[in-house]
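A look at the structure
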Amino acid sequence: MGISIEGLGYALPSHVLTNFDLEKMVDTSDDWITTRTGIKERRIAKKESLVELAYRASLDALNMACVNPEDVEVIVLATLTPELGFPASACLLQTNLGCRKAYAFDISAACSGFLYGLEIAGSLLLAGRAKRVLLVGAEKLSQIVNWEDRSTCVLFGDGAGAVLLSSEGNGEILASRMYSDGNHWEILFAERCGYINMKGKELFKLAVRSMAEVCEEVLSIAGLSVSDINLVIPHQANIRIMEALAERLGIGMEKVYSNIHKYGNTSAASIPIALCEAYNEGRLKRGDLVLLTAMGGGLTWGATLLRF
Ligand code: ACO
């Protein structure tokens, strides 16, 4: 039994915040941000709610998969910026979409949220407990960014991405491995109703090492080598992290998908947005082997190898 991504969608807020706009807000420069991170601009949800972004992304995924909202059995929404304290944003999304027969819940695994969600959704599909699961990564990080802190405010953006997963298509998850280590929680966290705190340098090194190691582990579980992979889609945190990862894996950047210049780090939304854009651009085709990897607050990290 397979696990297929039958539909993909993404949604971004309309407001574009460029590096030049940030130059007017904090002591920074386009040159510093571009060379240290690869980011040129990001989207900020001034008018859009988290659930609205998740809804637009999900609707596109359902339409592409030709799936009726009433046929969705489970909705998993990964976010670290939920709409309310409770209920889960997934329940608000459920009612907006009209997925009357589904059960819906949020998961919190920071930038690894989409991969953790894929692990949960994939397990439900493999166990025969559901045939169609909607998996969404959505963030409004602009709400928890300190706009006076130049070391963090230049990095993050808002957005949502969604996939409709089915047990009836031709795709499959060949291997996956998730990790967390709460010992490092202070490297990246936000207090309740507080701002993002980050130790960037430590995170950078841990991100490269842990993503490289887990990618190698997943390839080894699948009995494949990196040369078999068509595309690597890492969490979009910093282009230099992606370049260092590519070097550790022994691949060129042409095999690594990146859209960080347009959106910055959108945490749980970054991989599904990148997946959808890669597909729309023809970089990802049916039957391709794609390696997804992420690392974020928790710390959490993991990798998933898919046949798309
Ligand atoms: N503009 C100008 N100068 C700045 C800015 C800014 N926006 N931010 C920091 N600086 C200054 C610092 O104050 C420091 O000045 P000093 O030398 O006078 O003290 C100098 O630039 C160098 O700062 P560093 O922190 O050493 O810069 P670094 O090269 O490490 O880059 C960065 C910082 C981009 C945050 C990098 O460490 C990084 O990307 N880390 C990974 C963090 C990350 O991606 N987090 C997202 C979530 S986790 C994940 O997704 C993996």
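Look up a bit, the structure's there.
In this text, all values refer to a predicted model and were calculated from it rather than measured experimentally.

Quick word on the overall build of the protein
The helix and strand inventory of the protein stands at ten helices and 13 strands. The globule rule puts the C-alpha radius of gyration for 308 residues at 19 Å, and the 18 Å found for the protein is close to it. C-alpha atoms of the protein, sized along the principal axes, occupy 55 × 45 × 40 Å. Residues classed as buried in the protein amount to 55% of the 308 residues present. Taking all contacts inside the protein whose residues are at least 6 apart in sequence as the whole, residues at least 24 apart take part in 76%. Accessible surface, the protein as shown: approximately 12,800 Å² in total, 48% of it carbon and sulfur. With 29 positive and 36 negative side-chain charges, the protein shows a separation of 1 Å between the mean positions of the two kinds.

Considering the site of the ligand
Surveying the vicinity of the ligand reveals 23 residues, the closest of which are Thr28, Arg36, Arg150, Lys201 and Asn238. Backbone polar atom of Arg150 to a nitrogen atom of the ligand: 2.8 Å apart, as the coordinates give it. Here Arg240 contributes a side-chain N or O atom positioned 3.3 Å from an oxygen atom of the ligand. Elements with a minimum of two residues in the shell around the ligand: helix H2 (30-37), helix H6 (150-153), helix H7 (200-222) and helix H8 (239-249).

Observations regarding the nonpolar core
Ranked by internal contacts, the top residues of the largest apolar core, which has 46 residues, are Ile229, Ile251, Leu291 and Met295. Secondary-structure elements contributing two or more residues to this core are H7, H8, strand S12 (289-296) and strand S13 (300-307). Top element by residues in this core is H7. It accounts for ten residues. For this core, the two domains that each supply at least three residues are domain 1 (4-166) and domain 2 (172-307). With 34 residues, the next largest nonpolar core counts Val76, Leu118, Ala278 and Ala294 among its residues.

Analysis parameters
- Residues numbered from 1 in each chain as written.
- Predicted model: local features only at pLDDT ≥ 70, side-chain atom pairs only at ≥ 80, totals over all residues.
- Heavy atoms only, no water.
- Helix = DSSP H or I, 4+ residues; strand = E, 2+ residues; numbered from the N terminus.
- Rg over C-alpha atoms; globule rule 2.2 N^0.38 Å.
- Buried < 20%, exposed > 50% of the residue type's maximum accessible area, 1.4 Å probe, protein only.
- Contact = heavy atoms within 4.5 Å.
- Areas by Shrake-Rupley, 256 points an atom, 1.4 Å probe, with all protein chains shown as cover.
- Lys, Arg positive; Asp, Glu negative; His and termini not counted.
- Charge placed at Lys NZ, Arg CZ, Asp CG, Glu CD.
- Near = heavy atom within 4 Å.
- Polar contact = N/O pair within 3.5 Å; in protein donor to acceptor, adjacent residues only side chain to side chain.
- Core = buried A, V, L, I, M, F, W, Y, C linked by side-chain atoms within 4.5 Å.
- Domains from an automatic or database assignment.

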